[in-house]
Amino acid sequence: MSAIRGCKGEAAAELHVLAVDDSSVDRRLIERLLRASSYRVTTVDSGKRALELLGLGKENNTSSKGPKVNMIITDYCMPGMTGYDLLKVVKESSALREIPVVIVSSENEGAEDFLLKPLRPADVSRLRSRIGGSTS
Amino acid sequence: MECSPLYRQAANMKKSLLDQGYLDEQFHQLEELQDDLSPNFVEEVVTLFFRDSARLIAGIDQALEKTPRDFQRLDGFIHQLKGSSSSIGAAKVKNECSAFQDHCNQGSTEGCLRSFKRVKREHAALRQKLENYLQVLRQVSPSPMKAAVRPK
């Protein structure tokens, strides 16, 4: 269960994705897109709410065990806590740091993709799809 | 089903909105996501957009009245409006938001006031056109929409 795959038919291993975005339009979009891949989706409108759901209290200590989350996908540019701020808190938490975090950016910022270090072969194949001239 | 006049009307309306640049390919992506499990997806997303945009526009109006103008606050609002416009394929609104952002970055009050008028105008025009389009869509039987309005 270390890789995130859309596994239809694996009822016992339904994967839970937490999507964070301040835009209600984008939350509805991502919920629909992830549903298409059979993930269970929870959406929240801020990094603060995401941390509350994940079980991190105000002091960033694990106050209560949150629901199991297999991936966090977050908007980068949000008022208050940015996606990057959220990433930092998650990765600094012993309880949460194993959860993969994907950051999504609008073209406003100009980034094509955000990847986590250390890069792995799967990341490199994603990069391949970003290089100009590719069809996918 | 596909030959019904209402159905053709919906397809023509959508084609017109795309041809005139009110909507772009992203709107088509929304329609692709509408299915049996999310039968009102397009209408839901459009409704969410206009709810958010009304709030953001009101916020910008207020911020433009305060002196000195808080360009950072204005940029925050327009960034959100531009983002959700992009998400539903509202091309003209998105472009006017970009123009507004440029004036904001230059700290030009005059420019902001002028371009915000255009943002509001495009926003109002789109709202009317989408309301008309959705009204027709609602009357069309659910299944054929995807097949019909796909551009060839």
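Cut-offs applied
Residues numbered from 1 in each chain as written. Chains lettered and ligands numbered in written order. Predicted model: local features only at pLDDT ≥ 70, side-chain atom pairs only at ≥ 80, totals over all residues. Heavy atoms only, no water. Helix = DSSP H or I, 4+ residues; strand = E, 2+ residues; numbered from the N terminus. Buried < 20%, exposed > 50% of the residue type's maximum accessible area, 1.4 Å probe, protein only. Contact = heavy atoms within 4.5 Å. Pairing = 2+ DSSP bridges. Axes fitted to C-alpha atoms, helices over the stretch in contact; angles between N-to-C directions. Phe/Tyr/Trp six-rings, centres within 6.5 Å; stacked < 30°, edge-to-face > 60°. Lys NZ or Arg CZ within 6 Å of the ring centre and 35° of its normal. Core = buried A, V, L, I, M, F, W, Y, C linked by side-chain atoms within 4.5 Å. Salt bridge = Lys/Arg side-chain N within 4 Å of Asp/Glu carboxyl O. Patch = residues over 30% accessible without salt bridge, like charges linked within 9 Å, V, L, I, M, F, W, Y side chains within 5 Å. Areas by Shrake-Rupley, 256 points an atom, 1.4 Å probe, with all protein chains shown as cover. UniProt positions renumbered as here; feature names shortened; annotations may be inferred. pLDDT = per-residue confidence, 0-100. Right-handed = clockwise from strand over helix to strand, strands pointing away.

As named in an unreviewed UniProt entry, chain B is Histidine-containing phosphotransfer protein, taken from Spirodela intermedia.

Naming follows an unreviewed UniProt entry, where chain A appears as Response regulatory domain-containing protein of Spirodela intermedia.

Draft legend 1. Representation of the side chain of Glu96(B). Residues and elements named next belong to chain B. Looking at where Glu-96 falls in the secondary structure, it is placed in helix H5 (residues 91-105). The class of Glu-96 is buried, set by a relative accessible area of 18%. Look past the residues within four positions of Glu-96 in its chain and what remains in contact with it is Arg-118, Val-119 and Glu-122.

Draft legend 2. View of the sheet that holds strand S2 (residues 40-44) of chain A. Residues and elements named next belong to chain A. The strand order across the open sheet built from four strands is S2-S1-S3-S4, with neighbouring strands paired in parallel fashion. Every other strand in the sheet has two partners, leaving S2 and strand S4 (101-104) as the edge strands with one partner each. Along the sheet, successive strands turn relative to each other by an average axial angle of 20 degrees, direction set aside. Helix H2 (residues 47-54) contacts strand S1 (16-20), S2 and strand S3 (71-75) of the sheet and is inclined by roughly 155 degrees relative to S1.

Draft legend 3. Geometry of unusual backbone geometry. For the bond from Thr67(B) to Pro68(B), the omega torsion is -5 degrees, close enough to zero to count as cis. The backbone of Ser38(A) sits at a positive phi, close to 65 degrees, despite the residue not being glycine. Looking at where Ser38(A) falls in the secondary structure, it is placed in the loop between helix H1 (24-35) and S2.

Draft legend 4. Here's a closer look at the packing of aromatic side chains. Under the definition given, this model contains three aromatic pairs over all chains. Note that Lys92(B) overlies the ring of Tyr22(B), its terminal NZ or CZ placed 4.2 Å from the centroid.

Draft legend 5. Region of the structure containing the nonpolar core. Counting residues in each nonpolar core, the largest one holds 40 residues, and the members touching the most others are Phe27(B), Leu30(B), Ile60(B), Leu81(B), Phe100(B), Leu126(B) and Leu130(B). Of all the secondary-structure elements, those providing two or more residues to this core are H1 of chain A together with helix H1 (5-19), helix H2 (25-33), helix H3 (41-65), helix H4 (71-88), H5 and helix H6 (109-139) of chain B. In this view, Phe27(B) contacts Val42(B), Val46(B), Ile88(B), Gly89(B), Leu130(B) and Tyr133(B); residues no more than four positions away in its chain are not counted. Of all hydrophobic cores here, the second largest spans 18 residues; its members include Ala50(A), Leu56(A), Val90(A) and Ile99(A).

Draft legend 6. Geometry of the pattern of salt bridges. Residues and elements named next belong to chain B. Tallied over the full model, the rule gives 13 salt bridges over all chains. The closest approach of N and O atoms between Asp-19 and Lys-15, which form a salt bridge, is 2.7 Å. On the criterion of helical spacing, the pair formed by Asp-19 and Lys-15 is a turn pair, its members being four residues apart in helix H1. Taking the relative accessible area as the measure of exposure, Asp-19 reaches 56% and is therefore exposed. Put simply, Asp-61 and Lys-120 hold a salt bridge, and the shortest N to O gap is 2.9 Å.

Draft legend 7. Seen up close, a nonpolar patch on the surface. Residues Leu119(A), Val124(A) and Leu127(A) make up a contiguous nonpolar surface patch of roughly 230 Å² in combined accessible area. Note on placement: Leu127(A) falls in helix H4 (residues 121-130).

Draft legend 8. Region of the structure containing the UniProt feature "modified residue: 4-aspartylphosphate" (unreviewed entry) in chain A. The positions UniProt marks with the feature "modified residue: 4-aspartylphosphate" (unreviewed entry) are Asp75(A). When neighbours within four sequence positions are excluded, Asp75(A) is seen to be in contact with Val20(A), Asp21(A), Asp22(A), Gly83(A) and Val104(A).

Draft legend 9. How the structure looks around the confidence of the model for chain B. Per-chain confidence: chain B averages 90 in pLDDT, with 90% of residues scoring 70 or above. Interface scoring of the predicted complex returns ipTM 0.87; its pTM is 0.80.

Draft legend 10. Local environment of the pairing of S4(A). Residue and element names in this part refer to chain A. Going residue by residue along S4, you find Val-101 and Ile-103 tucked away on one face and Val-102 and Val-104 left uncovered on the opposite face. Sheet topology note: the S3/S4 ladder contains four bridges and is parallel. Paired with Ile-73 across the bridge in S4 is Val-102. Each parallel crossover has a hand, and the one from S3 via helix H3 (residues 83-92) to S4 is right-handed.

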